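Spelled out from the first residue to the last, the chains are:
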Amino acid sequence: MEKIGFIGLGNMGYPMAKNLERAGFHLSVYNRTPSKSAGFEVTTTVCTTIAELVHHSDVIFTMLTDDRAVKEVYEAILQLELVGKLFVDMSTISREASVAISHALSVKGASFLDAPVAGSTVPAAEGTLIIMVGGQQPDFQRALPYLKTMGKTIKHLGEQGKGLAAKIAINYFLATIYQGLAEMVLFSDKLGIDRETMLDIVNGSASGSGATRVKTPMLLTNRFEPAFSLDLMLKDLRLAKDAGADFPIGDTLLSTFSAASKAGYGADDVMGILQYLNREWSK
Ligand code: NAP
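By the naming in an unreviewed UniProt entry, the protein is 3-hydroxyisobutyrate dehydrogenase, taken from Sphingobacterium allocomposti.

Next up, the structure:
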């Protein structure tokens, strides 16, 4: 049985690693902030360095914030003995950074897949993420049994960077849903419609979706604890812009999310965009 490693135990990485543990794989985990590695079974090895984790693992998953985090972690990895190992980066980062890491790893005799995910912390915990993969077919086949413990839909989209291309596109759409939902809620508030009733109508109609339903409790309580932070969505809108999303809504989203982040809402959930819109536009 191959030995599995997981680096990055944040909101997403922790429940994803737990699914690998539950499936019975020989697992090692590492997180930069050690306190987030608590709660694993004794069968899982909690590593204190990246080098220790890589040494103990054949197939290594990474789930990190952004280009900068991924580059820092892989710079450390690239100093190590890597022949025959497979790395699977599940973070949402630029295709350029991902392809550059893939090339650097291949020089060291290792393989690489980009495998970003759609779905937030609940699908991550339930193992029902949608996983979009770019890279070589044999590497995809090698990663598949592990990816199946984390996702319900796993699509191999082609060469390196293709998984990220699909991920950047779907998050562009998701941002339009969240800002649209926030604006609709503020608008219906203004028209004197009870918020719970309005959201019932939306969620029962053709305009309702998993995205609107999952954010409904936040909109009813006005509490925006982050499942997916506003700053992460801002990062993804910038990735979309850099990848060529030159459309009218894209520019509007980018300016609204940038301003909301600057105004101090970046660490809130993405749905917290409502707070910024309420402050600036509902006067
Ligand atoms: P998160 O909770 O902020 O976790 C980020 C992880 O990256 C943490 O483990 C953090 O370690 C680690 N990290 C950051 N910088 C690092 C560095 N320089 N060196 C080592 N480790 C570093 O983020 P998340 O919500 O899990 O998201 C992770 C990725 O998945 C992002 O690319 C995001 O866009 C994507 N994603 C998120 C969701 C969602 O709903 N949250 C859904 C789909 C995709 P520390 O604990 O030490 O800070």
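Back to the text.
Let's talk about the environment of phenylalanine 40
With respect to the helices and strands, the residue phenylalanine 40 is situated in the loop between strand S2 (26-30) and strand S3 (45-46). Accessibility expressed as a relative area gives 13% for phenylalanine 40, which makes it buried. Along the backbone, phenylalanine 40 and tyrosine 146 are 106 residues apart, and their C-alpha atoms lie at a distance of 18 Å. Setting aside chain neighbours within four positions, we find phenylalanine 40 in contact with Leu9, Tyr14, Ala17, Lys18, Glu21, Leu27 and Val29.

Re the UniProt feature "active site" (unreviewed entry) in the protein
The residues that UniProt annotates with the feature "active site" (unreviewed entry) are Lys167. Here lysine 167 is to be found in helix H7 (residues 162-190). Excluding anything up to four places from it in sequence, lysine 167 contacts Thr92, Pro116, Val117, Ala118 and Met132.

With respect to the site of the ligand
Not every one of the 25 residues close to the ligand is listed here, only the nearest: Asn31, Thr33, Lys36, Ser120 and Ala227. For the ligand, an oxygen atom lies 2.8 Å from a polar atom in the side chain of lysine 235. Contact with the protein chains removes 89% of the 900 Å² of surface that the ligand exposes when unbound. Contributing elements (two or more residues each) for the shell around the ligand: helix H3 (67-77) and helix H10 (230-242). Broken down by element, the residue count for the shell around the ligand peaks at three residues, all from H3.

Considerations on the packing of H7 against H10
Pairs of packed helices are described in terms of their axes, by the angle between the two and the distance that separates them. Packing of H7 against H10 leaves a shortest axis separation of 9 Å and a crossing angle of 125°. On the basis of their axis angle, the class for H7 and H10 is oblique. For H7 against H10, the interelement crossing comes out left-handed. For the pair H7 and H10, contact is made by Ile168, Asn171, Tyr172, Leu174, Ala175 and Tyr178 and by Met233, Asp236, Leu237, Leu239 and Ala240, respectively. Of the residues that constitute the contact of H7 with H10, the class distribution is nine nonpolar, one polar and one charged.

Cut-offs used in this document
Residues numbered from 1 in each chain as written. Predicted model: local features only at pLDDT ≥ 70, side-chain atom pairs only at ≥ 80, totals over all residues. Heavy atoms only, no water. Helix = DSSP H or I, 4+ residues; strand = E, 2+ residues; numbered from the N terminus. Buried < 20%, exposed > 50% of the residue type's maximum accessible area, 1.4 Å probe, protein only. Contact = heavy atoms within 4.5 Å. UniProt positions renumbered as here; feature names shortened; annotations may be inferred. Near = heavy atom within 4 Å. Polar contact = N/O pair within 3.5 Å; in protein donor to acceptor, adjacent residues only side chain to side chain. Areas by Shrake-Rupley, 256 points an atom, 1.4 Å probe, with all protein chains shown as cover. Axes fitted to C-alpha atoms, helices over the stretch in contact; angles between N-to-C directions. Parallel < 35°, antiparallel > 145°, perpendicular 65-115°, else oblique. Left-handed = near helix turned anticlockwise from the far one by under 90°. Nonpolar A, V, L, I, M, F, W, Y, C, P; charged D, E, K, R; others polar.

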